[in-house]
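Geometric and topological summary
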Amino acid sequence: MKEIILCKYGEIALKGLNKSSFESMMVKSIKYRLKSLGDFEIYRSQSTLYVEPLDEDIDVDEVSDRLSKVFGIVKLCRCCVLEKEMSVILEKGCDYLAEQLDSARTFKVEAKRSDKRFELKSPQICAEMGGAVLDRFPHLKVDVHDPDVTVVVEIREQNAYVHAGQTDGAGGLPVGSSGKAMLLLSGGIDSPVAGYMIARRGARVSAIHFEAPPYTSDRARMKVEKLAKIISAYCGEIDFYCVPFTKIQELLRDNCPEEFFTIIMRRLMMEIAQRICEREGIQALITGESLGQVASQTMYAMVCTDAVCRMPVFRPCVGLDKSEIVEIARKIDTFDTSILPYEDCCTVFTPKHPRTKPKLAEVEKAQQSFDFEPYIRQAVEETSVQYIKTY
Amino acid sequence: MIYFDNAATTAVCEEAVAAVNKGLQNFGNPSSLHRLGLDAELIVSGARETIADALGADPSEVYFTSGATESSNTAVFGAYKAHSKRKNKVIISSVEHPATANAALALEEAGCEVVRIAPREDGRFYAGDFIDAADENTFLVSVMMVNNETGYVLPVSEIFSGIKKKDRTILTHCDCVQGFMKLPVKVKKLGADMISLSGHKIHAPKGVGALYLKKGVHLPSLVYGGGQESGFRSGTESVPLIAGFGAAVEKLSPTVNERYKKVSALRDCLVSKCREKGYTVNSTEDASPYVVSIAIKGLRSEVLLHYLEKKQIYVSSGSACSKGKKSSVLAQFGCAAVSDFTLRISFCSDNTAEEIDTLINEIANAENELAKVR
């Protein structure tokens, strides 16, 4: 039986004259992800994208899994494609959903008739389909409030479609529709979540990581690369920049007051990240900071780090509790990788008593005691880049 | 390259490589009736005899496994399966390798009482503590021979003979992974009903180990199938790996004492240099010379480890099994204060005094270059 996946989009439908440019971006990212699975026909009609596998052997489970990670799609619906003929719909529709109906106890039927020329009206379609299901699966009972399975019959322009309800898509806006941003990716729980959240709003995300061997290990860097790879299933291909940061950390330790280590380090990281952004035409920074989570994430500290920034800094986790961030990390499957126990770049140089309410003037004065500029330039020059992608 | 992580794994010796190759070429299934099968069977039985000889055991008492973790699991769960109807108490040391410790933990979750005997305040184990803990409800006492993080040698034969005097039916298991082919290991002297051995810690390949099971001790099988290994551990034998294991034992067995002396001299050299530099030596003087645990206050283990790695010197922080997880074993031995700064230097007889000099020099360089924990 021919199967097809309907991808329904939410807010793109409201985009007025720009709608088609959003749609084509989404089609592009869908094509990109499905490329390795076989040939597909993708077409759009009535605020829905139709993804039709052209080959019998295509793994439709994998297709719908990949589509569930495409930003811009709000609902996904895997259905069989049928002739617009009621007797066919009743028979083949039951065949298609047999496995689900066999193991269910209750069901209901919904009908959507966007082709108003179809001879039966929605309530009549429901009644006929309901009757057919009960004849074929006599153990089932109708429950219109909380059914185990909802059988949906959609009569559209070209064909009729039968399915057992929609599943959630990734939501948001298609990647690339909102500009480019650089994610400061540490290896912890928060930053991959932050990257995911901003990519979900349509940004094309690059990532930057600061490594400090021997204070950090190859395994620690590989862990961060793995995190980038996991979120690239959502964000698409990621340019991954890796900055050698050992020298700067050691200079910082030798030349600045301990209580300001972390805050100055973050200012230097922001500076390096920005220079790479400016070079690459990236318009904003993303961090995983959550207000008040640690000393460098108080509002006072953010004032001090933002003072060096010439571009917007997006902090999508700023208002989330740790438990909420963890929940998202589990959903996007970064959590188990984030908690692997490798030394992270900050721990060795973490001050015992960091200032939670640093004053900008003091921090600036402390940072001026040493000329970091040549080392910032060197770090930018020696930064390596690789392309990370899942599909 | 300087390799000081021999307690994690060892370089495969030439003899073992040759034997593995021979085992790969002789591709027959030892259970096949034809000549190819017989050739493969002879390779396996030859290795079994070599290992049995080295242990002072009968070949029929040696069963090949996938490694020491499987051996220890077989011993612990097998003992449980055999005795759980009448008895439910297990005694282990508090410093066992996870292969034993976590198997015991699983028994605890299944309702067994697990007694973990810790070192006394002086950091030493006393046989009496184990013997006193045993009672009519006890079915297994499992004690490792040499601790993998500090080299501490537990008084296994004293413990096991005391246990057997108290109750002959209590099974005794010894994890000899860090002792076999390094210290003399003879089954009679050890008094163990079961012994776990590993190939890759003694210059054989990874993926092969053995369980010694004393004649007359009946353990139910945990792996059912075609009845290989006398029906105790089904599954077609890994002929090449077993051949490699046998070849390594054949090479090392005659030189246990000689190598012990050589490695002791290396250990003494390292310890005296550490003392000169003011580094802490966590290992006791009577520990196995093959494992030396030291601590350099202020230098985090992982940082120093990666510093040394850049200089082509390979050491370990704690034990390699846990990849960065914090060790509770050091705390058991009273070294909790330095556990963040601990390195494990583990030797084989190919190491040299010059390599130790290089190590000490590089640690001194690291002290100058690296940021210290305040």
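Calculation criteria
Residues numbered from 1 in each chain as written. Chains lettered and ligands numbered in written order. Predicted model: local features only at pLDDT ≥ 70, side-chain atom pairs only at ≥ 80, totals over all residues. Heavy atoms only, no water. Domains from an automatic or database assignment. Contact = heavy atoms within 4.5 Å. Buried area = accessible area lost by both parts, 1.4 Å probe. Salt bridge = Lys/Arg side-chain N within 4 Å of Asp/Glu carboxyl O. Polar contact = N/O pair within 3.5 Å; in protein donor to acceptor, adjacent residues only side chain to side chain. Helix = DSSP H or I, 4+ residues; strand = E, 2+ residues; numbered from the N terminus. 1 Å grid on protein atoms, 1.4 Å probe; cavity = no way out; pocket = protein on both sides within 12 Å on 5 of 7 lines; lining within 4 Å. Points joined across faces, edges and corners; volume = space filled by probe spheres on them. Nonpolar A, V, L, I, M, F, W, Y, C, P; charged D, E, K, R; others polar. Phe/Tyr/Trp six-rings, centres within 6.5 Å; stacked < 30°, edge-to-face > 60°. Buried < 20%, exposed > 50% of the residue type's maximum accessible area, 1.4 Å probe, protein only. Pairing = 2+ DSSP bridges.

Thoughts on the domain arrangement of chain A
Residue and element names in this part refer to chain A. On domain assignment, one finds that chain A holds domain 1 (3-168) and domain 2 (180-388). Inter-centroid distance (C-alpha atoms) of domain 1 to domain 2 is 42 Å. Contacts between the two partners involve five residues from domain 1, matched on the other side by nine residues from domain 2. Together, the buried faces of domain 1 and domain 2 total about 630 Å²; carbon and sulfur atoms form 54% of this surface. Three residues, Arg33, Lys69 and Phe71, lead the burial of domain 1 against domain 2; their summed loss comes to 74% of the area buried on that side.

Details of the domain arrangement of chain B
Residues and elements named next belong to chain B. By domain assignment, chain B separates into domain 1 (2-10 + 255-369) and domain 2 (14-254). Taken over C-alpha atoms, the centre of domain 1 sits 27 Å from the centre of domain 2. Domain 1 puts 28 residues into the contact, and the matching count from domain 2 is 31 residues. The contact between domain 1 and domain 2 buries some 2500 Å² in all, and 54% of this surface belongs to carbon and sulfur atoms. Seen at the junction of domain 1 and domain 2, the total is one salt bridge. As a salt-bridge pair, Asp286 and Arg124 come within 2.3 Å of each other at their nearest N and O atoms. Across the contact surface, domain 1 and domain 2 share 16 residue pairs in polar contact (both at pLDDT 80 or more). Of all the secondary structure elements, the ones that give two or more residues to the side of domain 1 that touches domain 2 are helix H9 (256-277), strand S10 (291-295) and helix H11 (329-332). A per-element tally of the side of domain 1 that touches domain 2 places H9 first, with four residues.

Here's the deal with empty space enclosed by the protein
Under the criterion given, the structure shown has two cavities of 30 Å³ or more. Space inside the second largest cavity adds up to approximately 70 Å³. Residues of the lining of the second largest cavity, tallied by class, amount to six nonpolar, two polar and two charged.

Describing the packing of aromatic side chains
Tallied over the full model, the rule gives 16 aromatic pairs over all chains. Measuring from centroid to centroid gives 5.9 Å for Phe71 of chain A and Tyr234 of chain A, while their planes differ by 25 degrees, and the two rings are stacked. One end of the pair, Phe71 of chain A, is in the loop between helix H2 (60-67) and strand S4 (73-82); the other, Tyr234 of chain A, is in helix H7 (residues 218-235), and 163 residues separate them in sequence. The pair formed by Phe71 of chain A and Tyr234 of chain A is uniform in burial state, with each residue classed as buried. Their ring planes at 65 degrees and their centres at 6.3 Å tell us that Phe64 of chain B and Phe245 of chain B sit as a pair that is edge-to-face.

Topic: helix H6 (residues 156-166) of chain B
Those residues of H6 of chain B that sit buried are Val156, Ile159, Phe160, Gly162, Ile163 and Lys164 of chain B. Buried residues belonging to H6 of chain B abut helix H5 (127-133), strand S5 (138-144), strand S6 (171-175) and helix H7 (187-190) of chain B.

A look at the sheet that holds S10 of chain B
Residue and element names in this part refer to chain B. Taken in spatial order, the three strands make up an open sheet running S9-S10-S12, and their pairing is antiparallel. Of all the strands in the sheet, just strand S9 (280-281) and strand S12 (342-346) have a single pairing partner and so form its edges. Bridge count between S10 and S12: five bridges; the pairing is antiparallel. Of the residues in S12, the one forming a bridge with Ser293 is Arg344.

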